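So you can see what is in the structure, the chains are spelled out below.
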Amino acid sequence: MTLKAVVNNVAKMPASTDAVVDIQKLSLTFQTADGPVYALSDVDLTIERGDFVSFIGPSGCGKTTLLRVIADLEKATGGDISINGVSAQEARENRAYGYVFQAPALLPWRTIERNVTLPLEIMEISKEERIRRGHEALKLVELNGFEKKFPWQLSGGMQQRASIARALSFDADLLLMDEPFGALDEIVRDHLNEQLLKLWARTNKTVAFVTHSIPEAVYLSSKIVVMSPRPGRIIDVIKTDFPKDRGLDIRETPEFLEVAHRVREGLRAGHSYDE
Amino acid sequence: MTSNTATMNGAIAGPSLWSRMMSGQAGPVTVVLMALFVIWYGGAVLMNAPTQIDKYNRADQTWTKMQLIEDTLAQERPILPAPHQVAQEMYKTIFATKITSKRSLVYHTWVTLSSTLLGFVFGTALGILLAIGIVHVVTLEKSLMPWVISSQTIPILAIAPMVVVVLGAIGLKGLVPKAIISTYLCFFPVTISMVKGLRSPQVIQLDLMRTYNASKWQTFWSLRLPSAMPYLFASLKVAIAISLVGAIVGELPTGAQAGLGARLLAGSYYGQTIQIWSALLTAAFVAAIMVVLVGWCERRVLVRMGARS
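My aim in this report is to walk through the structure given alongside it, one point at a time. All values reported here derive from a predicted model rather than from experimental measurement. (Residues numbered from 1 in each chain as written. Chains lettered and ligands numbered in written order. Predicted model: local features only at pLDDT ≥ 70, side-chain atom pairs only at ≥ 80, totals over all residues.)

A short note on the overall build of chain A
- Tallying secondary structure elements over chain A gives 10 helices and nine strands in all.
- For chain A, whose C-alpha radius of gyration is 19 Å, the value lies close to the compact-globule estimate of 19 Å for 275 residues.
- Structurally, chain A occupies a C-alpha span of about 55 × 50 × 45 Å along its principal axes.
- Within the span of chain A, comprising 275 residues, buried residues form 45% of the whole.
- A separation threshold of at least 6 residues defines the contact pool for chain A, and within that pool the share at least 24 residues apart is 71%. (Helix = DSSP H or I, 4+ residues; strand = E, 2+ residues; numbered from the N terminus. Rg over C-alpha atoms; globule rule 2.2 N^0.38 Å. Buried ≥ 20, exposed ≤ 12 C-beta atoms within 10 Å, placed from the backbone. Contact = placed C-beta atoms within 7 Å.)

Here is the structure:
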């Protein structure tokens, strides 16, 4: 390796060696019939190992698009992105992440167990191993006992838990979640938030979580990324230091309210740009 | 007070009995069937009356209306045979004749049915293969789809003799040419439905497969094919029925010696209307039974695939 290459490599190295996601000057423009749409513009972000990062912002701010770029479901039109030190495409090909969509997206003709083990089937893992890991994943989301049920036999919240189990089944270190609880009622959402936090504390995974709920973002995250639309960009990154095993009751503490206030201020500042 | 309740009960019991009769499938079907019989008998009397009156006149016979009705329903070669005449003929040729006999309708039905089923299998396989190609390869969609559609604009009666003659020249006779005519008719609905079915997975489901870095074939087996099953069965019901039409049409232009089509043709040569109608009705029954069987398979498969029963 020549000296120049080494220097280049050093220059390209992310600021923290433990960065799972490293995004620099990322932009994405959709070409539409009505002219270009600037979905993302000049986004810089580092997600470190073990982080729980929430993306919050009004609709159209590009938070889902950003998550999809990380997942290589969209291609950036400018800037750099690396996941575990490789490109987003390579990371996807290495099955580096589990993705949870807004809807459960369970296949209706498969039982819950066979839905959860679908990724393992595609990775051509043996049947015994699939069943073992499927059981484990279902236990993590407290759905054991529902293996042989079909999706329609489960409530919306249980279906979404099954889809989380599916994302966990192949044990990727990175979990990408796109408003997974958006369609659920407040009580179910609280419960699932609690379960998700426990899971995060137990497995030490890195989570990127898109939401439009301020309490949800503040309650779950170790880092909150506040975004703003037209063009989609990051306007604030807030670090929180709540303990990993926090309970729902922290939502009444002054520290919590203070962070929530800062998020709200950020969102408001982003909006005034628009009007 | 008591009389009041009684009338109320009576008023309620009246419509509820009718609606109970009509709520299932049996009630409405029976009503339609009876209406059909009335129209059929009426038509038979009206259409056969002129020849019957002619016959009376030539024989210088006096006749009453009752006698006319009776005679029009018992002619040997009526213009429109009465239902019971057809039923008698069908009983005679299906149950009372040895099935190895050339006069047995069971024998003729089997000849047609075997090429129907072979054509159906060919057609379904061809239809599915074409759909898989069209969904996966853009060039195939552009090059094949117009041909698939225009193939069905050519009258099958024009193609059938050519198929039989060409295949006959290369030594293929009997079953296969007829089956190929069935294939030609029944691949079409399968292709069209399967293209739609294989494209029916939602974007979110395709994205999901992409996050697993699933190959095209894995996506096909785990997502596209299962999604297409309801579309497949809907098209199979159409395909099996027109496959039978294809097999019958394939027997017509070639002067086939056996099969329901041959019975129709022979019947029309010799003015054997009763024979024509019994062959027609048998074909209709066979088609109905096959559609019901496909529907039964559909329910079995979809229940196994977790459909709400």
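Here's the deal with the environment of A105(A)
- Here A105(A) is to be found in the loop between β5 (97-100) and α4 (112-116).
- With 82 residues separating them in the primary sequence, A105(A) and I23(A) have C-alpha atoms 28 Å apart.
- Non-local contacts of A105(A), meaning those with residues more than four positions away in its chain, are made with S163(A), I204(B), Q205(B) and L208(B).

Examining the interface of chain B and chain A
- At the junction of the two partners, chain B supplies 16 residues and chain A supplies 18 residues.
- Of all the secondary-structure elements, those providing two or more residues to the side of chain B that touches chain A are α9 (203-211) and α10 (216-251) of chain B.
- Tallying contributions element by element places α9(B) first for the side of chain B that touches chain A, with six residues.

Things to note about the sheet that holds β5(A)
Residue and element names in this part refer to chain A.
- Reading across the sheet, the six strands line up as β5-β6-β7-β3-β8-β9 and stay open at both edges, with mixed pairing between neighbours. Unpaired on one side and paired on the other, β5 and β9 (233-239) mark the two borders of the sheet. Direction aside, neighbouring strands of the sheet carry axes that sit 15° apart on average.
- Judged from the five bridges that link them, strand β6 (residues 174-178) and strand β7 (residues 206-211) form a sheet pairing that is parallel. Bridging across to β7, L175 finds its partner in V207. (Pairing = 2+ DSSP bridges. Axes fitted to C-alpha atoms, helices over the stretch in contact; angles between N-to-C directions.)

Focus: the pairing of strand β1 (residues 19-32) of chain A
All names here are of chain A.
- With 10 bridges connecting them, β1 and strand β2 (residues 35-48) associate as antiparallel partners. Each bridged residue has a counterpart across the sheet, and for V21 the counterpart in β2 is I47.
- Here β1 folds back onto β2, and the loop between the two strands holds two residues.
- For β1 and strand β4 (residues 78-83), the ladder comprises five bridges, and the chain directions are antiparallel.

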